[in-house]
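Each chain, written out:
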Amino acid sequence: MTSASRFFCSDAARFRADPLAGTAPYGSTWILVEYRGGWPPNGFDGLPLEPETKRLVFAAAQALRARILLIRRHGRRPADGPRRWAVLRYGTDGAHRQTWGTWTRDEDLLGIVTALAEPGDPGGPPVVLVCAHGLHDACCAVRGRPVGRALSERWPDLVWECTHIGGDRFAANVVVAPDGVYYGNLDAASSVEVVEDHLADRVHADHLRGYTNLFPPQQTAVAAVLGRFGPAGRHHYVIEETVRDTDRWLVRVTSRAPRSPVHDIDVRSYRTPPRQLTCRGRSVSSTVVYEATIRP
């Protein structure tokens, strides 16, 4: 197959205009493991680590529904020296907690298990993760690496490339953790604008996939409000109520400001026709799409 005829899932998704809103995976805990060698297609699961250490880390992560991501700095990387690991949490009160450590031996990664059992340190700067996992999906490398380079040049201490974070067809994908905000359909220029606004606590509807502490209909409702009324802080809007009726939801959104207006948003879902959703996928499958309408 020539490069001209090769299928790229992100090109197909843009041609179809696949909606971004409501596509962020649910979760509030991220485990980061710096790994400077080649990343296996299945990420952490494929690493040649000491078996018992690997089992204990995976079990502790699974118990909290934490996502394990391999990370690296963009560009040339030192071949030796301690590597870093981290546990990042988004609290129910919006508070950020982070625990960082280093590892040289596989057994050092057991610090992750201990960190998951403790509250962690409050505060700390956000971590900007750019999916560049080319062995998982070609689009993650083709579109992700230029974004990783652009963001790393601007914020070298905050930005890491990472393994698969979900939604290959929306590459380039960026997640800001532990804020729990997913962005997609980015390129080098738009990624700098999006992250710059995010760090200034201005979230735009453009490129927003969703907040990971919300479920897809709620993510879609918040994106609709941001699209109608303009950018707002990560915690500006609050979900007051969500009522479901089969494939429809009524989501009530307000803000934290006193006497703020109440926005009622109708969200409906439907399934798309079967499609090839990833570059490597040999089969087709449908996805659930959410559409929002703000009531007058």
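Our structure's up above, just so we're on the same page.
Residues numbered from 1 in each chain as written. Predicted model: local features only at pLDDT ≥ 70, side-chain atom pairs only at ≥ 80, totals over all residues. Heavy atoms only, no water.

Asks: With reference to specific residues and values, describe the environment of Asp11.
Replies: Within the secondary structure, Asp11 sits in helix α1 (residues 9-16). Between the alpha carbons of Asp11 and Thr99 there is a distance of 38 Å; along the sequence they are 88 residues apart. A polar atom in the side chain of Asp11 sits 2.6 Å from the side chain of Arg143. (Helix = DSSP H or I, 4+ residues; strand = E, 2+ residues; numbered from the N terminus. Polar contact = N/O pair within 3.5 Å; in protein donor to acceptor, adjacent residues only side chain to side chain.)

Asks: Give a description of helix α2 (residues 51-63) that names residues and reports values.
Replies: Here α2 is 13 residues long and its end C-alpha atoms lie 18 Å apart, about the 18 Å a rise of 1.5 Å per residue gives. Those residues of α2 that are buried are in contact with β1 (29-34), β2 (67-72) and α3 (110-116). Put simply, Glu50 is the residue that caps the front of α2, since its side-chain oxygen is 3.1 Å from the backbone nitrogen of Glu52. With its phi angle positive at about 55 degrees, Arg65 sits one or two positions after the end of α2. (Expected span 1.5 Å × (residues − 1). Contact = heavy atoms within 4.5 Å.)

Asks: Explain the pairing of strand β6 (residues 127-131) to me, and be specific about the residues and the numbers.
Replies: Burial of β6 is extensive: 5 of the 5 residues sit out of reach of the surface. What you see with β6 is no split at all: Val127, Leu129 and Cys131 on one side and Val128 and Val130 on the other are buried throughout. Bridge analysis of β6 against strand β8 (residues 174-177) gives 4 bridges, and the strand direction is antiparallel. Bridge pairing in β8 places Leu129 opposite Val175. Where β6 and strand β7 (residues 159-162) come together, 4 bridges link them in parallel fashion. The residue of β7 that forms the bridge with Val128 is Val159. (Buried < 20%, exposed > 50% of the residue type's maximum accessible area, 1.4 Å probe, protein only. Pairing = 2+ DSSP bridges.)

Asks: Account for the pattern of salt bridges, naming residues and giving values.
Replies: In this structure the tally under the stated criterion is 15 salt bridges. Here Arg72 and Glu161 are joined by a salt bridge, their closest N and O atoms 3.0 Å apart. On the criterion of sequence distance, the pair formed by Arg72 in strand β2 and Glu161 in strand β7 is long-range, its members being 89 residues apart. Take Arg72: its relative accessible area is 10%, and that puts it in the buried class. (Salt bridge = Lys/Arg side-chain N within 4 Å of Asp/Glu carboxyl O.)

Asks: Before we move on, can you summarise the packing of aromatic side chains with the specific residues and values?
Replies: The full count for this structure, using the stated rule, is 2 aromatic pairs. Ring geometry for Tyr26 and Phe215: centres 4.5 Å apart, planes at 0 degrees, overall stacked. Of this pair, Tyr26 sits in the loop between α1 and β1 while Phe215 sits in the loop between β10 (208-211) and α7 (216-229), and the two are 189 residues apart along the sequence. Judged by its relative accessible area of 40%, Tyr26 falls in the partly exposed class. Overall, the relative accessible area of 46% leaves Phe215 in the partly exposed class. Above the face of the Trp39 ring, Arg72 is positioned so that its terminal group lies 3.7 Å from the ring centre. We note Arg83 situated over the ring of Trp103; from NZ or CZ to the ring centre the distance is 3.7 Å. (Phe/Tyr/Trp six-rings, centres within 6.5 Å; stacked < 30°, edge-to-face > 60°. Lys NZ or Arg CZ within 6 Å of the ring centre and 35° of its normal.)

Asks: How would you summarise the pairing of strand β11 (residues 237-245) if you had to cite specific residues and measurements?
Replies: Inspection of the sheet shows β11 paired to strand β12 (residues 248-255) by 8 bridges, in the antiparallel sense. For Val243, the partnering residue across the bridge sits in β12 and is Leu250. The hairpin turn running from β11 into β12, its antiparallel successor, is 2 residues long, and Thr246 in that turn takes a positive phi close to 60 degrees.

Asks: Now, about the sheet that holds strand β13 (residues 263-271): what can you tell me, with residues and values included?
Replies: Strands sit in the order β11-β12-β13-β14 across an open sheet of 4 strands; the sheet is antiparallel. The open sheet has two edge strands with one neighbour each: β11 and β14 (288-294). Along the sheet, successive strands turn relative to each other by an average axial angle of 25 degrees, direction set aside. Bridge count for β13 against β14 is 7 bridges, and the pairing is antiparallel. Looking across to β14, one finds that Ile265 is bridged to Ile294. Sheet strands touched by α7: β11, β12, β13 and β14. Its angle to β14, the strand with the most contacts, is close to 45 degrees. (Axes fitted to C-alpha atoms, helices over the stretch in contact; angles between N-to-C directions.)

Asks: Can you tell me about the sheet that holds β10, naming the residues and giving the values?
Replies: The 10 strands lie next to each other as β5-β4-β3-β1-β2-β7-β6-β8-β9-β10, forming an open sheet whose pairing is mixed. In this open sheet, the two edge strands, each paired with only one partner strand, are β5 (121-122) and β10. The sheet contact formed by β8 and strand β9 (residues 181-183) spans 3 bridges and is antiparallel. Across the sheet, Val174 pairs through a bridge with Tyr183, a residue of β9.

Asks: Could you give an account of the nonpolar core, with specific residues and numbers?
Replies: Leu151, Val174, Tyr183, Leu208, Tyr211 and Leu226 are the most contacted members of the largest nonpolar core, which totals 36 residues. Looking at this core, the element that brings in the most residues is α7, giving 6 residues. In terms of nonpolar packing, the next biggest core, distinct from the first, is built from 20 residues, Ala60, Trp85, Val87 and Trp103 among them. (Core = buried A, V, L, I, M, F, W, Y, C linked by side-chain atoms within 4.5 Å.)

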